[in-house]
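Remarks on the overall topology
Each chain, written out:
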Amino acid sequence: SWEIVKKEKGEKMIHVLDFPYNGEPPADELMKGKITDNKYHFVRNHGNIPVIEPEEWSVEIGGMVNEPKRLTLHDLKTKFPIVEMTVTLQCSGTRRIEQIHEYPGEGDELINAPWAEGAIGTAKYKGVSLKKVLKYCGGLKDGAQHLEFIGADTYFKKGRVYNYAVSVPWRKVKSNEVLLVWEMNGEPLPLIHGAPVRAVVTGYIGARSCKWLYKINALAHSSMGPVQRQEYLYYNHQLGKHNVKFSNGFSIQDMPVSSAMMFPKEKQVIIHDGKIECQGWAYSGGGRWVERVEVSPDGGHTWFPAAVQNMTTKHYHAWRLWKLEVPTYAEGWIELCVRCWDNANNTEPTFVRSAWNWDLHVTSSSHRVKIYSVN
Ligand code: MTE
Ligand code: MO
């Protein structure tokens, strides 16, 4: 798999884990524009990287559908309307490093990748709506509520081998915003991103967008796979360590509103004449979009609105990059921070500890960066 990483990813990728391979791009690559270069889209794997020839690929659609079918890539490309969507995928582990630093040694940090701000990326995907594919399979049987995706990759957990398996509820699929895609930014889907075909579940945590898709099952319940039932659960801090059992966590699906300051960087010395140039990203899941981004030069006492790029509701499944020269005459250590608001008026928790949780997921609190100001 290291050869695939070398071939498909840029040299500047920051390797978060070697096996399974996990990597995130450096800040300058992420900030280049709304669309992330495929070479610098983050990678989150749980196991190996399967290599499947597009001509040999097919997907089996079964479980509680009226007419189970097997479809090839050619079938997908010719039997259904083709859709293109610009979508931000965000791992629910983005910015986990801040939760690790808040209470070192607590939470599930040993088994979870220590992501910084780069486990997020945006691409234009080409594919078909899963809803249309299910209709072609005669629709769902009464009582079917969830669609399970099974990936061809395998991973080990507690001495057992599993295929990657997750599910999404039918009410999400019904919106025509769950896609089966074979193209990413005008190129065939890279191997490392799930070739030949992956699911793209807009607005949900990255984990539901199953790569190397080979089976779809309609079920009365959510997937029994450990990734669905035992991972990506949110255990509030108040639960207490002894209560961290799977049944006490709730499944993370929609991503909340969140943001990050990519420049300046923590501990940077900034020499300026009263204005510090800041930039970063802001994103909201669940079909909501960012409306406003604010930056504070003093830890959150005063706020200034940032210029937010690409304010078009056409791309409401995508992030928005922002920029601001934030005014300050303070010298010495100062804390810059960013917070944003989405179109449902949601905003971000104030501190990491406001929303610390045992599985170290969804670090959506106001991002804080301490720098040394000289002016
Ligand atoms: N699909 C399979 N089959 N195996 C995986 O390990 N990882 C998931 C998801 N789909 C995963 C998968 C997670 S947790 C995330 S965040 C996204 O893929 C990452 O997608 P990317 O690697 O294309 O950025
Ligand atoms: Mo993820």
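Every chain begins its residue count from 1, and numbering advances along the sequence as written. Labels are handed out in written order, letters beginning with A for the chains and numbers beginning with 1 for the ligands. Confidence filtering applies because this is a predicted model: local features only for residues at pLDDT of at least 70, side-chain atom pairs given and counted only at 80 or more, and all residues used for totals across whole chains, interfaces and linings. The basis for every side-chain value is the complete set of non-hydrogen atoms in the structure, without hydrogens or water.

Turning next to the side chain of Glu98. Tracing the backbone shows Glu98 in helix α4 (residues 96–102). Each residue is placed in one exposure class: buried if its accessible area under a 1.4 Å probe, protein chains only, is under 20% of its type's maximum, exposed if it is over 50%, and partly exposed if it falls in between. With relative accessibility at 15%, the residue Glu98 sits in the buried group. Contacts between residues were defined by any pair of non-hydrogen atoms, one from each residue, lying within 4.5 Å. Once you skip the residues sitting within four places of it in the chain, Glu98 turns out to touch Glu117, Val352, Thr363 and His367. Under the DSSP-based scheme used, a helix requires at least four consecutive residues in state H or I and a strand at least two consecutive residues in state E, with every element numbered from the N terminus.

On to the site of ligand 1. Throughout, near means a residue has at least one heavy atom within 4 Å of the molecule or strand. What surrounds ligand 1 is a group of 19 residues, the closest being Phe42, Asp153, His193, Arg198 and Lys211. Any pair of N or O atoms that falls within 3.5 Å is considered a polar contact. Within protein, one atom must be able to donate a hydrogen and the other to accept it, and sequence-neighbouring residues count only if both atoms are side-chain atoms. A distance of 2.7 Å separates a nitrogen atom of ligand 1 from a polar atom in the side chain of Asp153. Only β3 (43–44) and β8 (146–157) provide two or more residues apiece to the shell around ligand 1. In this count, Pro and Cys sit with the nonpolar residues alongside Ala, Val, Leu, Ile, Met, Phe, Trp and Tyr, while Asp, Glu, Lys and Arg are called charged and the others, Gly among them, polar. Residues of the shell around ligand 1, tallied by class, amount to eight nonpolar, seven polar and four charged.

With that settled, consider the environment of Lys241. By the element assignment, Lys241 lies in the loop between β14 (233–234) and β15 (250–251). Relative accessible area serves as the criterion here: at 51%, Lys241 is assigned to the exposed category. Considered as a pair, Lys241 and Gly107 are 134 residues apart in the sequence and their alpha carbons are 8.3 Å apart.

Looking now at the environment of Arg208. Mapped onto the elements of the fold, Arg208 is located in the loop between β12 (198–201) and β13 (213–219). For the pair formed by Arg208 and Cys91, sequence separation is 117 residues and the distance between their alpha carbons is 9.7 Å. Each residue touching Arg208, except ones within four places of it in the same chain, is listed here: Phe149, Val166, Ser167, Val168, Ala199, Val201, Val227, Gln228, Tyr232, Ser251, Ile252 and Gln253. Within the structure, the side chain of Arg208 is placed 3.1 Å from the side chain of Gln228, a separation counted as a polar contact.

Domains are outlined according to an automatic or database domain assignment. Its domain assignment divides the protein into domain 1 (2–251) and domain 2 (258–374). Measuring from the centre of the C-alpha atoms in domain 1 to the corresponding centre in domain 2 gives 27 Å. Listed per partner, the contact involves 42 residues of domain 1 and 36 residues of domain 2. Once two parts are put together, the accessible area they lose, assessed with a 1.4 Å probe and summed over both, is termed the buried area. Buried surface at the junction of domain 1 and domain 2, both sides included, amounts to about 3800 Å², of which 57% is carbon and sulfur. In terms of surface lost to domain 2, no three residues of domain 1 exceed Lys34, Arg95 and Gln99, which account for 21% of the buried area on that side. For the salt bridge of Lys265 with Glu117, the shortest nitrogen-to-oxygen distance reads 3.6 Å. Applying the counting rule to domain 1 against domain 2 returns 24 residue pairs in polar contact (both at pLDDT 80 or more). The salt bridge criterion pairs a side-chain nitrogen of Lys or Arg with a carboxyl oxygen of Asp or Glu, the two atoms within 4 Å.

Pairs were defined over the aromatic rings of Phe, Tyr and Trp, the Trp ring being its six-membered one, requiring ring centres within 6.5 Å. Orientation was assigned from the angle between planes: stacked under 30 degrees, edge-to-face over 60, tilted for the rest. Tallying each qualifying case throughout the model produces ten aromatic pairs. Aromatic pair Phe80 and Tyr136: ring centres 5.4 Å apart, planes at 85 degrees, arrangement edge-to-face. In this pair, Phe80 is assigned in the loop between α3 (73–79) and β6 (83–90) and Tyr136 in helix α5 (residues 130–136), connecting sequence segments 56 residues apart. Look at Phe80 and you get buried, because its relative accessible area is 7%. Given the relative accessible area of 32%, Tyr136 is considered partly exposed. An aromatic cluster is defined as three or more aromatic residues linked by ring pairs; in this entry it consists of Tyr103, Trp356 and Trp358. The criterion for a charge sitting over a ring is simple: Lys NZ or Arg CZ within 6 Å of the ring centre, and within 35 degrees of the ring normal. Over the aromatic face of Trp303 sits the side chain of Arg339, whose NZ or CZ is 4.0 Å from the ring centroid.

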